[in-house]
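Working through the structure, step by step
For reference, the chains in residue letters:
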Amino acid sequence: MEHFKTDLTAGDRRSQAAQWAADETWVRCRKYENDPEYMECVKDILAHPVFNSMDQYIQHGNTTCKTHCIQVSYLGYRICRRYGGNWRSAARAGLLHDLFLYDWHTHARETGEHFHGFTHPRRALENACLHFQLTDEEQNIILRHMWPLTPVPPTSAAGFAIVWADKFCGGAETLGRLRHLRLLRMLQPARH
Ligand SMILES: [Fe+2]
Ligand SMILES: [Fe+2]
């Protein structure tokens, strides 16, 4: 598999994964389509217009919800392939875990609902169940992906893989944005 080399130390592997998560060209070039076993799990979701509508909403930094979900899904899938867990559930629930379908940056102002971090897993699950056939495990992964912010943990290894992949990708997206801003500031002419 070309995206994660296997002959690396744990530290090298973590930094390789962080670079991968911060670099969206992998998603923009649709390189995940080169993994036929992954595609077999998720091709119906990737082709669905409701899933693709997440491209209009920003999640972290400059990363859209759609890109974020593809990265979380693929990373969760790879974790399960390597360490155990239902990789099909991780791949499918990872794609749908943030299917809340609104701009959370303006949502509180527009609706008065101030607890997006706590409420969006249930909204995502409701939307996902409207449009897709999901197993109990997939539903649990979506509903519990914000653990430990929401107090009930997921019930499966795939659920924990998605919890970890979500935090990891969210952190990398935010850090990538901060690095970009720092670079922009450095490129600005000094004020005298
Ligand atoms: Fe989320
Ligand atoms: Fe997420």
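Residues numbered from 1 in each chain as written. Chains lettered and ligands numbered in written order. Predicted model: local features only at pLDDT ≥ 70, side-chain atom pairs only at ≥ 80, totals over all residues.

Per an unreviewed UniProt entry, the recorded name for the protein chain is HD domain-containing protein, and the organism is Enterocloster lavalensis.

Scanning the protein chain from terminus to terminus reveals ten helices and two strands. Counting from the amino terminus, helix and strand elements in the protein chain follow one another as α-α-α-α-β-β-α-α-α-α-α-α. Classification of the 192 residues of the protein chain by burial places 36% in the buried group. Partitioning the contacts of the protein chain with sequence separation of at least 6, the portion at a separation of at least 24 is 62%. (Helix = DSSP H or I, 4+ residues; strand = E, 2+ residues; numbered from the N terminus. Buried ≥ 20, exposed ≤ 12 C-beta atoms within 10 Å, placed from the backbone. Contact = placed C-beta atoms within 7 Å.)

Grouped together as the largest cluster of nonpolar side chains are 40 residues, with contacts concentrated most on Ala90, Ala91, Leu95, Leu96, Ile142, Ala161 and Ile162. Secondary-structure elements contributing two or more residues to this core are α1 (10-22), α3 (36-46), α5 (65-83), α6 (87-96), α8 (116-131), α9 (136-143) and α10 (157-187). Broken down by element, the residue count for this core peaks at nine residues, all from α5. Beyond its immediate sequence surroundings of up to four residues, isoleucine 142 is in contact with Ala93, Leu96, His97, Pro121, Ala124, Leu125 and Ala128. (Core = buried A, V, L, I, M, F, W, Y, C linked by C-beta atoms within 7 Å.)

A few words on α3. Turning to α3, its buried residues number three or more, namely Tyr38, Cys41, Val42 and Ile45. Summarising the axial view, the buried residues of α3 lie within an arc of 85°, below the 170-degree limit, and thus occupy one face. Opposite the packed face of α3, turned more than 90 degrees from it, sit the exposed residues Pro36, Glu40, Lys43 and Asp44. Taken together, the buried residues of α3 touch α4 (49-52), α5 and α6. (Arc of directions from axis to C-beta.)

A separate point is the packing of α8 against α9. At their nearest, the axes of α8 and α9 sit 8 Å apart, and the two run at 145° to each other. Between α8, through Pro121, Arg122, Ala124, Leu125 and Ala128, and α9, the contact on the second element is made entirely by Gln139, Ile142 and Leu143. (Axes fitted to C-alpha atoms, helices over the stretch in contact; angles between N-to-C directions.)

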